[in-house]
Each structure stands twice: as structure tokens, then as C-alpha cells.
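Chains, contacts and geometry: an overview
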Amino acid sequence: MEKTSIHGMWSSRMAFILAATGSAVGLGNIWRFPYMASDNGGGAFVLVYLACIALVGLPILMSEVLLGRHGRRSPVNALTDLVRDLGASKGWISIGWIGMVAGVLILSFYSVVAGWTLHYSWLYFSQLFGAAPITDPGATFSGLLGNPLELSAWHAVFMVLTVAVVALGVEKGLERAVRFLMPALFILLLTLVIYGITTGHLGEAAAFLFKPDWSQISGRTFIDAMGQAFFTLSLGMCTMMTYGAYLPKGVSIPQVGVTVALADTGVALLAGLAIFPIVISFGIDPQGGGPGLIFTSLPHAFNAMPFGIAYGLLFFALLSVAAWTSSISLMEPATAYLVERVGMARRKAALLIAGICWIVGLATVFSFNIWSSVRVPEGMGVISNKNVMDMIEFVSNNLMLPLGGLLIALFAGWVVKKSLLKDELDTLSPGVLALWRWVVRVVAPLLVLAVLISPFILD
Ligand code: PHE
Ligand code: NA
């Protein structure tokens, strides 16, 4: 009989693709990708990012899914089983622990930013009933950031929404949430790109995004691009491993891996093509937009276009849902672990993790107001001048995820037996399998290592 997970199983191949895409597509694509590109000078960053997705992201994505499917338990336990069967060092189990800690750190700030999108959904919703329009988007955004109470309240609302789904479990909660969202989000972004064409600035936006200015390359470009590649594909923290544990045997891992990576990259590029024409046409500097980029630029467009209020509401509501399907996947590894390890009820485990994330998230909330003057001093290379939130993001996205990914690649490439890989990746021809294994053993680890040390060499 086929081994299944105690947490339930995806009902089909499509269900897994939807859930994994739901995890991948989120704030990382629509909020973070555009502002990372903006802060790193555009095209050069985007090209390095795309290379990271293809050479590092996709192979590691496949590794995570296959390890998860083989283990059928939460990452720490799946790795424990695997290490025992292989007679390998127990040190590899640390991959699961790095993942759970990174997940809590990421969810802590992710939920705060998702709170911003909830707030903006609310702002547009109330405009439908006559509330004042956003005439000065910059002021509206800094007003929100200056208000710790409001920020932590929306952060709490988002955490409650996340717990609600995680508590329901795999089939009932996770699958349902993503079925309609992805196509809707895609269509919405497409119409925004069309609006961008009407502004007459699509060409400039495309040039900014895709024409590399190599003088902009520094250690920071590489470390930001690699961090973004891991973050956007939900890699390096065992999310995809956890989702892989619920994947039925017989589904082609390379095929679903490519589908998820393409969908995620497509949404990020569409978001860039939607946002930068608006940024340019309203006279905003496309460079150095920072985390406020979409919140200070898009409202200009919603003010100017027909049905802009309804459109703004739809945009921020869908973005909130996209963030929601990602936050669920951020919480799943630690929740599944508590259920397996201490036999906690799923609902209780989810609440406990959410409580911890909410409290840690207050550091992000305060970094815009009461702690806004707390900064890393100048002269500290890539981390110079970062605030508290930037530092949490840096440690989780740029250090922990690549480190986790590096270990996953080394483990799948060097420790796991070839026969197991062959069995899990049985749709690959022998030649492609050998190529994949070589990338996972050598290419991906070397690239991640090079990027991790690039700030010390290039700056
Ligand atoms: N991939 C998600 C996004 O782009 C964020 C995420 C990271 C989700 C890590 C799960 C794990 O928004
Ligand atoms: Na993403």
C-alpha cells in the first residue's frame, strides 16, 4: 500500500500545483520583487534574479518536493527517518530546524505587510461608500506606518485569518483557498499592464526592468537577487518539502516544479510591467522605491482610471488573498511538527505559532515608528543603514533561506541514494536526471556559496 501523510493528501496533481503556486505567488511577487528591482537599479538585478531561479531555485524546488514526498512527515521528522535509513549524520536534521525558525521570522514581517494590504483594501472599500479618496498616496502610506496600533491590529487580523485556514488542515483549508485566486490575480495584473500601455510608458518600464546597467552590479545585487529567488519560490525553509509530503506518488515532480516556477516568475514579471509604467507616468523615481513602492504609486493610477475605486479594492483584496495562501504555507511546517511531535491538536498548534509570530512581528511594526531611528551604522557593507525590519528580512531571506537551500542541495545531491532519486524523478530521462544531479551537487551549491560571500568581495 502507498504511504500517505497523517495530515491528509492533495486530492490531485492540480491540487498540489494550486497549493504550491499559492505558496509561491504572494507579496514576494507583487510587493517585494518590484521594489527589490527598484532598489537595485533594474535590469541587472532582474537578470541575476532570473538566473538564480533557473540554476538554483528550480533544482532545489524539485529536491525539496522529492524529499518531502519520500518522507511523508513534517521536515524534521522526514529528515530524521531519512538520515536513519541512510546511516547519515544527524546534523542534516538541522535543515528542518533552520526552516522552522526561518518560517517564524518570515511570517512575522510577512503578516505585517499583509496587514498593509488589508488596510488598503479597507480604504478602497470605504471609498465605495463615500470615504475620502487617497489624494496624496505618500502621506497616506507614511501615516499608516506612523501608527503602531493600527499596524499591529491589521497584523493581528491577518494572523487570525491564517490560523483559521491552517486549523482546517490540508484538503479543507489549503486547497479551497487557491482555486479561484490565481486566475483572478493573473487577469487583474494583465489589465494593469494594459493600463500601463495607455500611459505610454510601457517601453521605458520594460527598458528599466530588462536592460541591464552593469555599473549597478555590486555584492548587494547578487545577495538580493539570490535572497529574492529563494523567498519568491518559498524555498530553503522546507515549505515545499512539507507540501511535497502530501503529494500523491505518480505525479511528475519535474513537471509540477517547472509549472510552479514559471507561474511564479510570470506573476513577478507581470507585476513589474504593471507597476513601473505607473511609477514613471506619475513622475515617481523608479529607483530606490523601497517597501512602500506599490502603496505610494498604484493609488495614483486608481485615482485616474475609470472604476478606479472598485479596481483598487479588487487589487488589494486579491493581493491580501495571495499573501494569505503564502502565509498558510509559512505556518504549515511548524504546525505539522507540533502535531506529530507532541500530539497537539492542529488548531492549538496553529494558534501557538501564530501567537509567537505576532509578537515577533511587533519588531517590524515598531521599526517604522518608535524604533525608526534604530539603524545599522554606515560602513557595514550590505547591511549599512538597515532598520529592524530590513535586518529581520536580511537574516531570514538572504542568509537563512540560501543556507537552508544549500544544505538541501548538498543533502539531495551527495547523501541521498541515486536509486531513491531515480524512483522519485522517474519521469526524467537518464541524461536529464544526471544533469539535474550534477546541478544539485555542484552548480547550485557553488552559486549559493559565491553569492553568500559576494558582499565581502565586490563592495
Ligand atoms: N513565496 C512567498 C511569496 O513570494 C513567500 C514565502 C516564502 C512563502 C517562504 C512560504 C515560504 O510571497
Ligand atoms: Na513568490
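The rules behind the values
- Residues numbered from 1 in each chain as written.
- Chains lettered and ligands numbered in written order.
- Predicted model: local features only at pLDDT ≥ 70, side-chain atom pairs only at ≥ 80, totals over all residues.
- Helix = DSSP H or I, 4+ residues; strand = E, 2+ residues; numbered from the N terminus.
- Rg over C-alpha atoms; globule rule 2.2 N^0.38 Å.
- Buried ≥ 20, exposed ≤ 12 C-beta atoms within 10 Å, placed from the backbone.
- Contact = placed C-beta atoms within 7 Å.
- Near = placed C-beta within 6 Å.
- Nonpolar A, V, L, I, M, F, W, Y, C, P; charged D, E, K, R; others polar.
- pLDDT = per-residue confidence, 0-100.
- Arc of directions from axis to C-beta.
- Core = buried A, V, L, I, M, F, W, Y, C linked by C-beta atoms within 7 Å.
- Axes fitted to C-alpha atoms, helices over the stretch in contact; angles between N-to-C directions.
- Parallel < 35°, antiparallel > 145°, perpendicular 65-115°, else oblique.
- Expected span 1.5 Å × (residues − 1).
- Left-handed = near helix turned anticlockwise from the far one by under 90°.

Focus on the overall build of the protein chain
- Scanning the protein chain from N- to C-terminus turns up 19 helices and zero strands.
- The C-alpha atoms of the protein chain give 21 Å as radius of gyration, which agrees with the globular expectation for 459 residues (23 Å, within 12%).
- Expressed as lengths along the three principal axes of its C-alpha atoms, the size of the protein chain is roughly 65 × 50 × 40 Å.
- In the protein chain, which comprises 459 residues, the share counted as buried stands at 54%.
- For the protein chain, the proportion of contacts with a sequence separation of at least 24, taken over those separated by at least 6, is 85%.

Structural notes on the site of ligand 1
- Around ligand 1 sit 15 residues in total, of which G26, G28, S234, T239 and S326 are the nearest.
- Of all elements in the fold, only α1 (13–24), α2 (27–39), α11 (219–232) and α15 (308–342) reach the threshold of two or more residues within the shell around ligand 1.
- For the shell around ligand 1, a count of residues per class yields six nonpolar, nine polar and no charged.

Let's talk about the environment of A350
- Tracing the sequence through the fold places A350 in helix α16 (residues 346–366).
- Looking at A350, the number of C-beta atoms within 10 Å reads 28, which means it is buried.
- For the pair formed by A350 and L86, sequence separation is 264 residues and the distance between their alpha carbons is 32 Å.

Description of the confidence of the model for the protein chain
- On average, residues of the protein chain score 94 in pLDDT, and 98% of them are at 70 or above.
- Across the protein chain, the element-wise mean pLDDT spans from 66 in helix α8 (residues 170–178) up to 98 in helix α6 (residues 137–145).
- For this predicted complex, the interface confidence reaches an ipTM of 0.99, while the overall pTM sits at 0.96.

What to know about helix α10 (residues 202–210)
- Turning to α10, its buried residues number three or more, namely L202, A205, F208 and L209. When α10 is viewed along its axis, its buried side chains cluster within an angular range of 125 degrees and face the same direction.
- Here the buried face of α10 lies against α2, α3 (43–71), α9 (181–198) and α13 (253–281).

Quick look at the environment of D423
- Inspection of the secondary structure assignment puts D423 in helix α18 (residues 418–424).
- Measuring from C-alpha to C-alpha, the distance between D423 and M100 comes to 28 Å, with 323 residues separating the pair along the chain.

Describing the nonpolar core
- With 155 residues, the main nonpolar core has F16, A20, L61, Y110, M226, A229 and M331 as its most contacted residues.
- Broken down by element, the residue count for this core peaks at 18 residues, all from helix α5 (residues 94–128).
- The contacts of A20, once residues within four sequence positions are left out, are M240, Y243, V256 and V260.

Side note on the packing of α13 against helix α14 (residues 293–304)
- Contact geometry for α13 and α14: axes closest at 9 Å, N-to-C directions at 75 degrees. In terms of axis orientation, α13 runs roughly perpendicular to α14. Across the interface between the two elements, I275, I278 and V279 of α13 pack against I294, S297, L298, H300 and A301 of α14.
- Along the lines of polarity and charge, the residues of the contact of α13 with α14 split into six nonpolar, two polar and no charged.

Re the environment of G91
- Assignment of secondary structure puts G91 in the loop between α4 (75–86) and α5.
- Under the C-beta neighbour-count criterion, G91 is labelled exposed, with 10 such atoms within 10 Å.

Side note on α1
- An ideal rise of 1.5 Å per residue puts 16 Å on twelve residues; α1 measures up with 16 Å between its terminal C-alpha atoms.
- Buried within α1 we find A15, F16, I17, L18, A19, A20, T21, G22, S23 and A24.

Digging into unusual backbone geometry
- The backbone phi angle of F307 is positive, close to 55 degrees, even though this residue is not glycine.
- Tracing the sequence through the fold places F307 in the loop between α14 and α15.
- With 10 C-beta atoms packed within 10 Å, F307 lands in the exposed category.
- Phi at N385 takes a positive value of approximately 70 degrees, unusual for a residue other than glycine.
- Along the chain, N385 turns up in the loop between α16 and α17 (388–415).
- The class of N385 is exposed, set by 11 C-beta atoms lying within 10 Å.

Topic: the packing of α14 against α15
- At a minimum axis distance of 7 Å, the contact between α14 and α15 shows a crossing angle of 145 degrees. Once α14 is placed against α15, the crossing between them reads as right-handed. Every residue of α15 that contacts α14 at P299, F302, N303 and A304 is listed here: G308, I309, Y311 and G312.

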